[in-house]
Amino acid sequence: MFENLSPPPADTLMEVGRLFRADDREGKIDLGVGTYRNGAGRIEVMAAVKNAERRLLESQTGKGYVGPGGDPAFCDHLARALFPELGPMADGQLALIQTPGGTGAYRLGLELAALRSPSPRLIIGTPTWPNHIPTAERVGLRCTTYRHYDPISGAVDFDAMLASVKAAHPGDLFLIHGCCHNPTGAILDPSQWRALAAALLEARLVPIVDLAYAGMAAGITADVEATRQLVETLPEAIIAISCSKSFGLYSERTGMLAVRAASMAAADACRKTAESLARSLWSNPPDHGAAIVRTILADSGLTSVWSNELRDMRLRLASIRARLASAGFPGANRLAAQEGLFAMLDLTPAAIAAMREHHAIYMDPSGRINIAGLNDHNIERFLSAIRVASGATEPM
């Protein structure tokens, strides 16, 4: 029966990574997969993580299952780090479930949402990650899209966003990036966040927040403020949380699903249902990454070390973004108003292919780049290549 299988369309981001790995040229530049890299171009293990692992090595007495819902202490510490003084959490209206990464949290949240409505629909702004729509469709959700990003201004098309909210049906899901809008770097200002929360409430929609980059723009508290506002304003919300970027735990697949419910009884039902769904998806989540996060957040000294490291990562990203914004290639100046790891370049597919072929510079075909792939050793070569590719200078 496997002869009837047709290979699915390639994930463009994964394809870029495959091509990069197959390239044996020295000095190749990876601006594709969204991992934070330090000034030397390495995915470095954070000092707080190393210290936590040393403590775990000495203290762990076994490697048993943690249960489908994961480690409650990890969930509690992470929730309190992200949502201090959050009313629904104190009132027992926030269900917390440990998951394998942010993608696992997103999938589990969609699975839960698919049970609450006979004809669920997910509204997604574009561009978004290649995995968002296929994951929702595999759960049985119908997806509709709107233009989230204006490539001319480099800003969020907020009018289109509000129009899509008004056109939705009560009970629809609405996908939102909690901070550092993933593929584009474009952001909402505080007044827009307030207007969005009010519009979602009036339309009776349920936001599903992809919170993957907390701390990478202005700090944990500032970056999560908009998500906290949504959770405080709306009776229901689904939040998929990743620890990959903030703790550098990409390979450990550490995440958490948080579900805001209208009552304690509903939150308890959400937790128990999510645990049942998790049992059929991955049985038990992996423990090591969660144990690292729990150890860091349970100790004020380690928390301080981690916070300082996250600050340094954030400052490096801001420095790269400022350098790009002043570089003079077409569309560069709009990058200054954006945040996080990502930026969208105004390049044609042919120009992107030429940068890959002639300069060993790899990026998504959409023009999205991970600016953390740039550093003092390669940024001038990148800027020279992009000026040629964008037509700002003639090729040598």
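Keep in mind the model is a prediction, meaning the values are calculated, not measured. (Residues numbered from 1 in each chain as written. Predicted model: local features only at pLDDT ≥ 70, side-chain atom pairs only at ≥ 80, totals over all residues. Heavy atoms only, no water.)

## Overview of the overall build of the chain
Right, so step 1: In terms of regular secondary structure, the chain is built from 15 helices and 13 strands.
Right, so step 2: Per-residue burial for the chain yields a buried fraction of 52% across its 396 residues.
Right, so step 3: When contacts within the chain are restricted to residue pairs at least 6 apart in sequence, long-range pairs at least 24 apart make up 76% of them.
Right, so step 4: Just so you have it, the chain exposes about 17700 Å², and 54% of that area is on carbon and sulfur atoms.
Right, so step 5: With 38 positive and 41 negative side-chain charges, the chain shows a spacing of 1 Å between the two charge centroids. (Helix = DSSP H or I, 4+ residues; strand = E, 2+ residues; numbered from the N terminus. Buried < 20%, exposed > 50% of the residue type's maximum accessible area, 1.4 Å probe, protein only. Contact = heavy atoms within 4.5 Å. Areas by Shrake-Rupley, 256 points an atom, 1.4 Å probe, with all protein chains shown as cover. Lys, Arg positive; Asp, Glu negative; His and termini not counted. Charge placed at Lys NZ, Arg CZ, Asp CG, Glu CD.)

## Structural notes on the nonpolar core
Right, so step 1: Counting residues in each nonpolar core, the largest one holds 100 residues, and the members touching the most others are Phe 174, Leu 196, Leu 324, Met 363 and Phe 382.
Right, so step 2: Once residues lying within four places of it in the same chain are set aside, the contact partners of Phe 382 are Ile 29, Leu 31, Leu 324, Leu 345, Met 355, Ile 361, Met 363, Ile 369 and Leu 374.
Right, so step 3: Judged by nonpolar contacts, the second largest core, of 25 residues, contains Leu 112, Ile 124, Val 139 and Val 259. (Core = buried A, V, L, I, M, F, W, Y, C linked by side-chain atoms within 4.5 Å.)

## Focus on the layout of surface pockets
Right, so step 1: The computed volume of the largest pocket comes to approximately 610 Å³.
Right, so step 2: Of all the elements in the fold, those that place two or more residues in the lining of the largest pocket are helix H1 (12-22), helix H5 (101-115), strand E8 (206-211), strand E9 (237-242) and helix H10 (244-247).
Right, so step 3: Sort the elements by how many residues they give to the lining of the largest pocket and H5 lands first, with 3 residues.
Right, so step 4: Looking at the lining of the largest pocket, its residues break down into 12 nonpolar, 9 polar and 4 charged.
Right, so step 5: Lining the second largest pocket are 27 residues, with Gly 178, Cys 179, Leu 188, Trp 193 and Ala 226 positioned closest to its centre.
Right, so step 6: Every element with two or more residues in the lining of the second largest pocket is listed here: strand E3 (121-126), strand E7 (173-177), helix H8 (190-203) and helix H9 (220-233).
Right, so step 7: If you tally residues by element for the lining of the second largest pocket, the top one is H9, at 5 residues.
Right, so step 8: Looking at side-chain class alone, the lining of the second largest pocket contains 16 nonpolar, 6 polar and 5 charged residues. (1 Å grid on protein atoms, 1.4 Å probe; cavity = no way out; pocket = protein on both sides within 12 Å on 5 of 7 lines; lining within 4 Å. Points joined across faces, edges and corners; volume = space filled by probe spheres on them. Nonpolar A, V, L, I, M, F, W, Y, C, P; charged D, E, K, R; others polar.)

## Quick look at H5
Right, so step 1: Spanning 15 residues, H5 covers 22 Å between terminal C-alpha atoms, matching the ideal 21 Å at 1.5 Å per step.
Right, so step 2: Burial analysis of H5 places 11 of its 15 residues in the buried class, which makes it a mostly covered element. (Expected span 1.5 Å × (residues − 1).)

## Some thoughts on the sheet that holds E8
Right, so step 1: Across the sheet, which stays open at both edges, the 7 strands sit in the order E2-E10-E9-E8-E7-E3-E4 with mixed pairing between neighbours. For this open sheet the edge positions go to strand E2 (94-100) and strand E4 (142-147), each flanked by a neighbour on one side alone. Put simply, the sheet's adjacent strands are angled 20° from each other on average, direction ignored.
Right, so step 2: Across 2 bridges, the pairing between E3 and E7 is parallel. In the sheet register, Leu 122 faces E7, and the bridge partner there is Leu 173.
Right, so step 3: On top of the sheet, helix H6 (residues 132-139) reaches E3, E4, E7 and E8; it is set at about 155° to E4, its chief contact. (Pairing = 2+ DSSP bridges. Axes fitted to C-alpha atoms, helices over the stretch in contact; angles between N-to-C directions.)

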